[in-house]
Structure formats: C-alpha cells, structure tokens
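# Structure at a glance
Here is how the chains run, residue by residue.
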Amino acid sequence: MDLTREESMLTRRALGLERSRSVNRNFLAVHVNGTDIKLAQALAEKGAVHPDPSCNFGSMRVFRVTPAGAKAIGKKLPPAHTATVAA
C-alpha cells in the first residue's frame, strides 16, 4: 500500500509516533469540518484506517489504524493496539 507523505504523517500521529519510536496508541480524532477529515477518509478507502463510530464524540470522528496501515509505515501493531472492525 502506497501512502502519500500527508497520509503517512497522519497514520504516524494516530499511532503516537510523533514523539516516540514505538506504537503507544491507536486512534485519530478528526473534526468533521477540519482539514484532516478528507485525508482520514482517503486512508479508510485504502484500508489503512477504519472508522470507529462507537468512539465518535460531538463533531469529532474517530479512526483506528489497521495492521495494513501500520505496515505501510514500517510498523507492526502490538496486540493491545490492534482494533477489530465491527461487522
């Protein structure tokens, strides 16, 4: 899976890699009218993240990185941070 620089940076941010070398979380909250929502939706279309509507709050939409999304930036999701997609 090929990600643009912006998609890679957003994925890294979701995993808490902006200040750490190891994955320490797995969520990304973006505002429905913000600049990152279209980027998060593009990542969802690629299968790098998936929406988690059960965690949405107000105007914020939550996305979680998939194992394929982590692999695209050279990381592996630890079991504690591997989210399952609800059917």
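This one's a predicted model, so the numbers in the text were calculated from it and none came from an experiment.

### Considering helix 1 (residues 5-14)
An α-helical turn contains 3.6 residues, so any two residues separated by three or four positions project in the same direction. Regarding helix 1, the residues found buried are Glu7, Ser8, Leu10, Thr11 and Ala14. Taken around the axis of helix 1, the buried residues stretch over an arc of 165°, which confines them to a single face. Following helix 1 by one or two positions, Gly16 has its phi on the positive side, about 75°.

### So, the packing of aromatic side chains
The full count for this structure, using the stated rule, is zero aromatic pairs. Over the ring of Phe27 we find Arg25; its NZ or CZ atom is 5.3 Å from the centre of that ring.

### Topic: helix 2 (residues 37-46)
Buried within helix 2 we find Ile37, Ala40 and Leu43. The arc enclosing the buried residues of helix 2, seen along the axis, measures out at 120°, which places them on a common side. Turned more than 90 degrees away from the buried face of helix 2, the exposed residues are Lys38 and Glu45. Gly47 sits one or two residues past helix 2 and shows a positive phi near 90°.

### Points about the pattern of salt bridges
Going through the model one piece at a time under the given rule, you end up with four salt bridges. Close ionic contact of Glu7 with Lys46 constitutes a salt bridge, the shortest N to O distance being 2.7 Å. Placement of the pair is Glu7 in helix 1 and Lys46 in helix 2, with a sequence separation of 39 residues.

Calculation criteria
Within each chain, residue numbers correspond to sequence positions counted from 1 in written order. Only residues with pLDDT of at least 70 are given local features in this predicted model, and only at 80 or more are side-chain atom pairs given and counted; all residues enter the totals for whole chains, interfaces and linings. As a convention, hydrogens and water are excluded, and side-chain values are obtained from all of the structure's heavy atoms. Partly exposed describes any residue whose relative accessible area lies between the buried limit of under 20% and the exposed limit of over 50%, with all areas from a 1.4 Å probe on protein chains only and scaled to the type maximum. Strands are runs of DSSP state E lasting at least 2 residues, helices are runs of H or I lasting at least 4, and numbering of each runs from the N terminus. It is the directions from the helix axis to the C-beta atoms that the arc portrays. The criterion for an aromatic pair is that two Phe, Tyr or Trp rings (for Trp, the six-membered ring) have centres within 6.5 Å, with stacked assigned to planes under 30 degrees apart, edge-to-face to planes over 60 apart and tilted to the rest. Counting as a charge over the ring demands two things of the Lys NZ or Arg CZ atom: a distance within 6 Å of the ring centre and an angle within 35 degrees of the ring normal. In the sections that follow, a salt bridge refers to a side-chain nitrogen of Lys or Arg positioned within 4 Å of a carboxyl oxygen of Asp or Glu.

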